[in-house]
Amino acid sequence: MWIFNSSIGRKLIMSLSGLFLISFLIVHLSANLALLAGTGGAATPAEIPYNVVCHFMDTNPFIMVMVPVLALGFLVHIVYAFILTAQNRKARGNDRYASSSKTNISWASKNMFILGIIVLGFLCLHLIHFWAKMQLQHFIGGTPDANAYQLAVDLFTNPVYVVIYIVWIWALWFHLTHGFWSAFQSMGLNNYNWMPRWKALGSVLATLIAIGFTIIPLFFMFGLNQ
Ligand code: HEM
């Protein structure tokens, strides 16, 4: 089938999976912003705003269906990252970016694979620290940690973890500044008028996402939740 066999088909899969992952990031960030409400004067841990959001996320049937779809989205994106990178290297050999100093190729566009690997590495760490203790437990019939808010407090008051987390988010920022408009280019929506718009929109979106994910750990590290 052309979508799997042709270069353009593979690029299309990469762009659709990438845009799907961006939509996930927006939902994820919206949920995480509840952390900025702190304990919200709650009398019990279950009433803390972020724990209310997590409970909804861990029990809502639509979200439960979307979790395996999301895992598949990541898997497809990562597998095709390897395929496309190998294909590009084979096609261009050592002269891959021989003309990059003359043309306007950004650092991010040349390093999408390595940025993706950095994002993946920290993603695994993040899954172990949060997801495995919470949502995964609902899938395997275990006991989820009842206080997700406290998990965030414990991790984000550790400066080493905060630095690692912020490096991760800004690696993702680089990935998205190129990835967003590149996805539209892969879909053929790259005419003279629209390319500058995709680029501007991608930069704004990537920056808002990165700032949103960055202020949360800083909020806890500087004790602003007290
Ligand atoms: C939340 C996480 C991620 C998001 C939102 C994301 C988003 C995107 C987007 C929108 C694109 C542009 C697709 C295109 O050019 O058509 C892209 C490209 C790419 N991504 Fe990701 N990505 C993520 C994680 C990863 C991971 C974990 C890897 C692992 C290796 C990776 C590797 C790549 C590579 C190599 C490309 C460039 C492919 C090419 O055009 O040759 N990404 N990503």
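Parameters at a glance
- Residues numbered from 1 in each chain as written.
- Predicted model: local features only at pLDDT ≥ 70, side-chain atom pairs only at ≥ 80, totals over all residues.
- Core = buried A, V, L, I, M, F, W, Y, C linked by C-beta atoms within 7 Å.
- Buried ≥ 20, exposed ≤ 12 C-beta atoms within 10 Å, placed from the backbone.
- Helix = DSSP H or I, 4+ residues; strand = E, 2+ residues; numbered from the N terminus.
- Contact = placed C-beta atoms within 7 Å.
- Near = placed C-beta within 6 Å.
- Nonpolar A, V, L, I, M, F, W, Y, C, P; charged D, E, K, R; others polar.
- Axes fitted to C-alpha atoms, helices over the stretch in contact; angles between N-to-C directions.
- Parallel < 35°, antiparallel > 145°, perpendicular 65-115°, else oblique.
- Left-handed = near helix turned anticlockwise from the far one by under 90°.

**What about the nonpolar core?**
Now for step 1: Leu35, Tyr50, Ala148, Tyr149, Ala152 and Phe180 are the most contacted members of the largest nonpolar core, which totals 22 residues.
Now for step 2: Mapped onto this core, the elements with two or more residues apiece are α3 (49-59), α6 (112-129), α8 (148-156), α9 (159-186) and α10 (194-221).
Now for step 3: Element by element, the count of residues in this core is highest for α9, at 7 residues.
Now for step 4: Not counting chain neighbours up to four residues away, the residues in contact with Ala148 comprise Tyr50, Asn51, Cys54 and Met134.

**Points about the environment of Ser186**
Now for step 1: Here Ser186 is to be found in helix α9.
Now for step 2: The exposure class assigned to Ser186 is buried, which follows from the 20 C-beta atoms found within 10 Å.

**Observations concerning the site of the ligand**
Now for step 1: Taken together, the neighbourhood of the ligand is formed by 26 residues, with Ser15, Gly18, Gly116, Gly179 and Ser186 sitting nearest.
Now for step 2: Counting only elements with at least two residues in the shell around the ligand, the list comes to α2 (7-32), α4 (61-92), α6 and α9.
Now for step 3: Of the residues forming the shell around the ligand, the biggest block, 8 residues, is contributed by α2.
Now for step 4: Here the shell around the ligand is composed, by residue class, of 15 nonpolar, 10 polar and 1 charged.

**Comments concerning the packing of α2 against α9**
Now for step 1: Interaxial distance between α2 and α9 falls to 9 Å at its minimum, and their mutual angle equals 130°. On the basis of the axis angle, α2 is oblique to α9. Where α2 crosses over α9, the two elements pack in a sense that is left-handed. In this structure, α2 uses Lys11, Leu12, Met14, Ser15, Gly18, Leu19 and Ile22 to contact α9, whose residues at the interface are Leu176, Gly179, Phe180, Ala183 and Ser186.
Now for step 2: Residues that form the contact of α2 with α9 fall into these classes: 7 nonpolar, 4 polar and 1 charged.

**Focus: the environment of His126**
Now for step 1: Here His126 is to be found in helix α6.
Now for step 2: Under the C-beta neighbour-count criterion, His126 is labelled partly exposed, with 15 such atoms within 10 Å.
Now for step 3: A sequence separation of 39 residues divides His126 from Tyr165, and the C-alpha atoms of the two residues are 8.6 Å apart.

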